[in-house]
Amino acid sequence: MKNTMMRILRTGMVLLVWFPFLGAFGQEITIDVDARKPGAPIQPTMWGLFFEDINFGADGGLYAELIKNRSFEFDNRLMGWESFGEVSIHEDNPCFDRNPRYVRLSYTTELNATGLENRGFSGIGLKAGEKYLFSLYGRTSGEAPVVLLVQLVSRSNVILNAKEITITGQEWQKYEAELTSPLTDAQARLRILVKARGSSADLDHISLFPAKTWKNRPGGLREDLVQALADIKPGLFRFPGGCIVEGTTIDTRYQWKNTVGPVENRPLNINRWNYTFAHRRFPDYYQSLGLGFYEYFLLSEEIGAEPLPVLNCGMSCQFENNDDHQHCKVENLEPYIRDALDLVEFANGPVTSHWGKLRSDMGHPAPFNLKYIAIGNEQWGELYPERLGPFIDALRARYPDIRIVGSSGPYPDGKEFDYGWQEMRRLKADLVDEHYYRPPEWFLANAARYDRYDPQGPKVFAGEYACHTPSRKNSFEAALCEAAFMTGLERNAAVVHMTAYAPLFAHYDNWQWRPDLIWFDNLNVVKTPSWYVQQLFSTRKGTHVLTTTSGEKPLTGQNGLYASSVTDKKTGEIILKIANTSPETRNVTYRIRGGEKGPLTAERYLLTSPGKEDENTLAEPLSVVPRKEEITLTGQEFTLSLEPASFQVFVIHPK
Ligand code: AHR
């Protein structure tokens, strides 16, 4: 009988009926869902994203620039470039005052040609038939024009396309060319040659972008990666970090004002993930800041998410600095606080204001309607609240409607965490950011974590979390444990107002940290099982929580089951989410109090996998994906057979 029912469930349209004999082949589990009185509203920000430039997520990732070290500002000025002939770096009379170095190519004495080759980020990804937009700033050092040959070169050294550019005059000017690739190559190169002997030219900001970017914006973002974000329909977008906000030193902290205005003049910063892990060093990891705060706000708007910028609170990374010498003294915080106030003006101010005008000049006269700001990332101890306090006072005085997110530190429990929360309550932060990178057992044991939180206090932002299995893979097991845990987030929507998995992106060849939500190489994107879990929750988030109990208690692991339910008042749908983490099939009977009489049509989404270590890979990107089927339910009471180790979502339509 059990097998018969399993078969029925697997065939497209099925009628799920009450089975009175369940006790004969398994424990009968009844789940009551009360649809008569919907509970807490689900915040639009509930299921969000957190972006940090880690794992080459920005340069070499989301930011579609294909040239590494385009401004010759890396500490090793020619890193990323291979040079031949007469090539030198200069900085006198520069084109861009905040990125002053440039390269001089001279072809005067040598027999060998002079030129440069850039290998991009583990190669330059080209697609057959696609156009690529090349540009540089150049000037000649003498009177005579200099002809450059710009070539796309394949991994196997075939010249794929070439264009000539003639640099004329001793004043800096921008030059552009369009190149088309006849074939697909994940590891191509860009080569620039001086064509004729006797010439010398200065070049800067050498850039190559695909013409096809997100919304075909020149100098824009990688379309496939943005699409993977948009498809989650996130309610929140937190940026730009993470640890990079703090910096290893206060000088290398993230400063948003350096990331706006013309990209050519945004000063380069080293990326702290360059050297953070001794076993995964990437000496060529820098931040061009071509993806800056304007682009983050625009992206948030275009994917329908509330922007949540994180600003430095006057402290550098506490993991790297165990005393306060590296932090800004409280009495010197004024420039940091001014940055926070100016950011609100940049996002929301009128075009007549200083920062509002810059936003408008960059292409967005309308305000971005910023509502939230986070001050500090993973801060702990007394040093933090004594700095956060003055920020809160200043922000409240000038922008009383902006909601402020404070930190509870890097760990989800313990002395510092408790102290952090106590201080956030005292300072009346609106939301408190909690982080947890923890093993499967933790996620399962913490499904009831927020049942105990005070709904009157600051709200919770689960701002960074991911289940870390021993293999550190983005395995199905990790995703299932996250799904189980997330039913607890959803059930507690009265206290949990925002959440985000972390980190978001990782380049297969260049990662520092795993697991991550989305993997990519120069041409492809792979969505992990965790991505599908996030998407199932976010795209079926409903508007209000429905009380969901078994034996009058929330289902937080009894029989390996974790469940939550919501209704969508706009559509009248009831949405059930249930994770079966046990190795057995579980038969559950749902009783929907106040639900409509059947038959009712519903969609069923099933995420499961034969092996708990299973993951999606470049070779097999769709190994673990949800299966959808249309089903018919008998009405207010029906029995479901839940596959072992599975996560399921049922969307029940009103008649
Ligand atoms: O997500 C990776 C890192 O984890 C973040 O930068 C930091 O906030 C946390 O420690």
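Residues numbered from 1 in each chain as written. Predicted model: local features only at pLDDT ≥ 70, side-chain atom pairs only at ≥ 80, totals over all residues. Heavy atoms only, no water.

**A closer look at the pairing of strand E19 (residues 372-375)**
Under the convention used in this document: Three labels apply to residues, based on accessible area from a 1.4 Å probe with only protein chains included: buried if under 20% of the type maximum, exposed if over 50%, partly exposed otherwise in between. Secondary structure elements are taken from DSSP: a helix is a run of H or I of four residues or more, a strand is a run of E of two residues or more, and numbering for both begins at the N terminus. Any two strands with at least two DSSP-identified bridges between them are counted as paired. Here is how to tell: hold the view so the strands point away, follow the path from the first strand over the helix to the second, and if it runs clockwise the crossover is right-handed.
Burial of the side chains of E19 extends over both faces: Tyr372 and Ala374 are buried on one face and Ile373 and Ile375 on the other. Judged from the 3 bridges that link them, E19 and strand E20 (residues 403-407) form a sheet pairing that is parallel. Note that in E20 the partner of Tyr372 across the bridge is Arg403. What joins E19 to E20 is helix H7 (residues 383-398), and the crossover it makes is right-handed.

**As for the site of the ligand**
The condition is simple: We call a residue near a molecule or strand whenever a single non-hydrogen atom of that residue lies within 4 Å of it. Polar contact is the term for a pair of N or O atoms within 3.5 Å; when the atoms are in protein, one must be able to donate a hydrogen and the other to accept it, and sequence-neighboring residues count only if both atoms are side-chain atoms. Note on areas: Shrake-Rupley, 1.4 Å probe, and residue coverage restricted to the protein chains presented here. Under the scheme applied here, ten amino acids are nonpolar (Ala, Val, Leu, Ile, Met, Phe, Trp, Tyr, Cys and Pro), four are charged (Asp, Glu, Lys and Arg), and all others, including Gly, are polar.
By nearness alone, every residue bordering the ligand is listed as Glu52, Gly242, Cys243, Trp273, Asn377, Glu378, His435, Tyr437, Glu464, Pro503 and Trp513. Between the ligand and Asn377 there is a distance of 2.9 Å, counted from an oxygen atom to a side-chain nitrogen or oxygen. At 2.7 Å from an oxygen atom of the ligand is found a side-chain nitrogen or oxygen belonging to Tyr437. The fraction of the free accessible surface of the ligand (280 Å²) that becomes covered by protein chains is 96%. In terms of residue class, the shell around the ligand is built from 5 nonpolar, 3 polar and 3 charged.

**Focus: the environment of Thr249**
By the element assignment, Thr249 lies in the loop between helix H3 (243-246) and strand E16 (269-270). Look at Thr249 and you get partly exposed, because its relative accessible area is 27%. Residues Thr249 and Asn321, 72 residues apart in the sequence, show an inter-C-alpha distance of 8.1 Å.

**As for the side chain of Arg540**
Here is the rule: Under this rule, positive means Lys or Arg and negative means Asp or Glu; His and the chain ends count for nothing. Here, a salt bridge means any Lys or Arg side-chain nitrogen found within 4 Å of an Asp or Glu carboxyl oxygen. Any pair of residues with heavy atoms lying within 4.5 Å of one another is described as a contacting pair.
Tracing the backbone through its elements, the reader meets Arg540 in the loop between helix H11 (529-538) and strand E27 (544-550). Despite its burial, Arg540 remains without a salt bridge, the nearest opposite charge being carried by Glu603 at 4.7 Å. Of the polar contacts made by the side chain of Arg540, one reaches the side chain of Thr539; its length is 2.4 Å. Residues contacting Arg540, with those up to four places away along its chain left out, are Gln535, Val566, Ile575, Lys577, Tyr605, Val649 and Val651.

**Considering the confidence of the model for the chain**
The criterion, for reference: Confidence of the predictor at the level of single residues is given by pLDDT, which spans 0 to 100.
The pLDDT averaged across the chain works out to 94; a share of 95% of its residues lies at or above 70. Averaged pLDDT values over the elements of the chain bottom out at 31 in strand E1 (residues 15-16) and peak at 99 in strand E18 (residues 306-311).

**Digging into the sheet that holds strand E24 (residues 505-507)**
Short version of the rule: Where helices are involved, their axes are fitted lines through C-alpha atoms of the stretch in contact, as for all axes, and angles between N-to-C directions lie from 0 to 180°.
Pairing within the open sheet is mixed, and its 3 strands lie in the order E24-E25-E26. Strands with a single pairing partner mark the edges of an open sheet, and in this sheet they are E24 and strand E26 (525-527). In this sheet, neighbouring strand axes are inclined to one another by 25° on average, regardless of whether the strands run parallel or antiparallel. In this structure, strand E25 (residues 518-520) lies alongside E26, joined through 3 bridges in antiparallel fashion. Bridging from a neighbouring strand, Trp519 pairs with Val526 of E26.

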